[in-house]
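Structural overview for review
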Amino acid sequence: MKDLKLADYLSDNPEKVPTRYGYGDGLVLLGEKYDNVVVLGADLTSSLCTDRFLKKFPERFLQTGIAEQDMTGVAAGLSLTGKIPFVSTYGVFCTGRAWDQIRTTVAYARLNVKFGSGHGGISVGPDGATHQALEDIAITRTIPNMTVLVPSDYHEALKATVAAAEMQGPVVVRFGREKVPVITSAETPFEIGKAEIYREGTDVSIMACGIMVYEALIAAQSLSLHGISAEVVNSATVKPIDSATITASAKRTKAVVTAEEHQVMGGFGSAVSEVLSQNYPVPVKMVGIQDQFGQSGSPSELMEAYGLKAKDIEAAVKEVLKLKARER
Amino acid sequence: MPGNSDRDLDSVANVIRQDIIKMIASAGSGHPGGSLSITEIVTALYFKVMHHDPANPQMEERDRFILSKGHACPAVYAALAECGYFPKEELLTLRKMGSILQGHPDMHKTPGFEASTGSLGQGLSIATGIALGLKMDTKKNKVYCLMGDGELDEGQIWEAAMTAAHYKLDNLCGIIDRNGLQIDGCTHDVKNIEPLTEKWKAFGWNVMEVDGHNICDILTALGRFSHTHYRPTVIIAHTVKGKGVSYMDNEAGWHGKAPDNEQTEEALQELTRGCCK
């Protein structure tokens, strides 16, 4: 296995940083590197860490007020003058409120607009269901021309933000609010469209995106103590999904569990299932939000209550292994 | 546009009207009413006011035109063909499989189109973004955005109106095709948008009202726009839906319907007799 220069994620006290910091710091790097990167905000500047860009490049930060549909259209117009605009707001508003603007004005015309879609997932916590983006992956990945990135930690969020600017066309980068374990390092490879095997295994493949990659790695470690060898695939690009890596892993293990902090309907698990059912059908179990809205609570309480912890992945692995055994 | 300054703009508008009828009749569907109401506005912009070059559609110094009411694209397609962006024969492929002239504009298929529009209410935001980008680069290009009056029901228009005024975009000119009709009837009955002038003024815009079928009036207003500073301009152009074809004149029923052969013949005869004024 190639050395991915991962962090010591199995430590009892891993370093924890919010993925939104990666977005904020990625934008600053971009601002330094490219004169035409501009950042748009809708009254959530410090919450999304876009204040880091604002402080350094005030003339390239544009406030549209609480008007996400207009912000998206303005970004479309800016891209038509050669700018690389980053639309920044919470995922529910970014991808939901302005979905038609994204679809028809931006994606149909393949405009070079980037979407920083914050507060992804149920780990948003006490703000409750209205502010927890749980459908954003599903509703953006169905749009033609769209690229959808769901980074797993700070470093990956930073690299995804930079990579989004360096490709042509619309991109959604999803990130979260809470501090989450740092599992990669600045040296860990990241490429749009490429899934990486973070842990090799032979009995089952756990395919994850976002902060569920950490839970998958913890689950795999725990399973290994019970004699189950689990492979962990980090698929930070949900679209275009890395069919080759996913299919090859399924061919090796012949059983798959997907894990996402998002509705299983239409989300990452569905994307993996679309690949496998057409290329190499194997039993699949999906860990994620099961067709429910969230609620207020602490992030850890919610992750627990909605079945998004390592132990839930372990349980799904055991179920999928039963299905695998039955097929033999 | 250079080379057209001496051409009789009313006769250009008449040719565009005839093309609109021919195109929509040939397509068997489309939106004649709102295309006929914007004909003089489009003529004034493409044949007199805007700096653009059909031989070089991406010319950096070009002024930008955004058709927010994308369904009225036949009028703009006809103007673009008349300018020479593409051969006039293409006009009869409107809405047909493989055509460069989609039912609603696709900027990648039609040379000269700056944005893909059709979902109403979005054009003014696009135009605002373009105007902002040009200002950031201290460019002198002007940006024009043509909206329908029914389209003003959309909240995003008013979001954009605030953004454009906030950024003092005096390089942006909105034009409203105030024909008073939308699919379900009079704009007054569907959802009253008045008092329109006062609304735009309250939103911080320089507002002018013109007879949208009088090219001289339109040119005067557009001239004043270019001398307005520190705020965006909107021209409320009072128009008649279906203008120039007697049986379509002010009839909401002709918003999105193609004329049959007989009706087409009648419309073209009226227009060739020049009774469109």
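Residues numbered from 1 in each chain as written. Chains lettered and ligands numbered in written order. Predicted model: local features only at pLDDT ≥ 70, side-chain atom pairs only at ≥ 80, totals over all residues.

**Some points on the overall build of chain A**
- A tally of regular secondary structure across chain A gives twelve helices and 14 strands.
- Computed over the C-alpha atoms, the radius of gyration of chain A is 19 Å, within 12% of the 20 Å expected from 2.2 N^0.38 for a compact globule of 328 residues.
- Its C-alpha atoms put chain A at 60 × 40 × 40 Å along the principal axes.
- Counting every position in chain A, which comprises 328 residues, the buried fraction comes to 62%.
- Looking at chain A alone, contacts between residues at least 24 apart form 80% of all its contacts between residues at least 6 apart. (Helix = DSSP H or I, 4+ residues; strand = E, 2+ residues; numbered from the N terminus. Rg over C-alpha atoms; globule rule 2.2 N^0.38 Å. Buried ≥ 20, exposed ≤ 12 C-beta atoms within 10 Å, placed from the backbone. Contact = placed C-beta atoms within 7 Å.)

**Describing the overall build of chain B**
- Helix and strand content of chain B: ten helices and seven strands.
- Taking the principal axes of its C-alpha atoms as reference, chain B extends roughly 50 × 45 × 35 Å.
- Per-residue burial for chain B yields a buried fraction of 55% across its 277 residues.

**Side note on the interface of chain B and chain A**
- Counting residues at the interface gives 23 residues for chain B, matched by 21 residues for chain A.
- Those elements giving two or more residues to the side of chain B that touches chain A turn out to be helix 5 (123-136) and helix 6 (155-166) of chain B.

**Focus: the packing of helix 1 (residues 19-33) of chain A against helix 7 (residues 154-166) of chain A**
Residue and element names in this part refer to chain A.
- Contact geometry of helix 1 with helix 7 gives a least axis separation of 7 Å together with a crossing angle of 40°. Overall, the two elements helix 1 and helix 7 adopt an arrangement that is oblique. Regarding helix 1 and helix 7, the two cross each other, and that crossing is right-handed. Residues T19, Y21, G22, Y23, D25, G26, L27, L29 and L30 of helix 1 touch helix 7, and the partners they reach there are Y154, H155, E156, A157, L158, T161, V162 and A165.
- Residues belonging to the contact of helix 1 with helix 7 are distributed by class as follows: ten nonpolar, five polar and two charged. (Axes fitted to C-alpha atoms, helices over the stretch in contact; angles between N-to-C directions. Parallel < 35°, antiparallel > 145°, perpendicular 65-115°, else oblique. Left-handed = near helix turned anticlockwise from the far one by under 90°. Nonpolar A, V, L, I, M, F, W, Y, C, P; charged D, E, K, R; others polar.)

**Description of helix 5 (residues 99-107) of chain A**
- All of the buried residues along helix 5 of chain A are Q101, I102, T105, V106 and A107 of chain A. Buried residues of helix 5 of chain A fall within an arc of 155° about the axis and therefore sit on the same side.
- On its buried face, helix 5 of chain A is in contact with helix 3 (68-79) and helix 4 (91-97) of chain A together with helix 5 of chain B. (Arc of directions from axis to C-beta.)

**Describing unusual backbone geometry**
- For the peptide bond that leads from K239 of chain A to P240 of chain A, omega is -5°, which places it in the cis range.
- Backbone torsion omega between E194 of chain B and P195 of chain B reads 0°, so that peptide bond is classified as cis.
- Within the secondary structure layout, P195 of chain B lies in the loop between helix 7 (187-190) and helix 8 (196-202).
- With a phi angle near 70°, D43 of chain A is a residue other than glycine that sits in the positive phi range.

**Describing the environment of K241 of chain B**
All names here are of chain B.
- Mapped onto the fold, K241 is located in the loop between strand 7 (233-238) and helix 10 (261-272).
- Given 26 C-beta atoms within 10 Å, K241 falls into the buried group.
- Taking the C-alpha atoms as reference points, K241 and P57, 184 residues apart in sequence, are found 30 Å from one another.
- Those residues in contact with K241 that lie beyond four places of it in its chain are G33, G34, S37, N179, L181 and N250.

**What about the environment of G212 of chain B?**
- Positionally, G212 of chain B belongs in the loop between strand 6 (206-211) and helix 9 (215-225).
- When residues no more than four places from it in sequence are discounted, the contact partners of G212 of chain B are E40, I41, D177, I218, A237, H238 and T239 of chain B.

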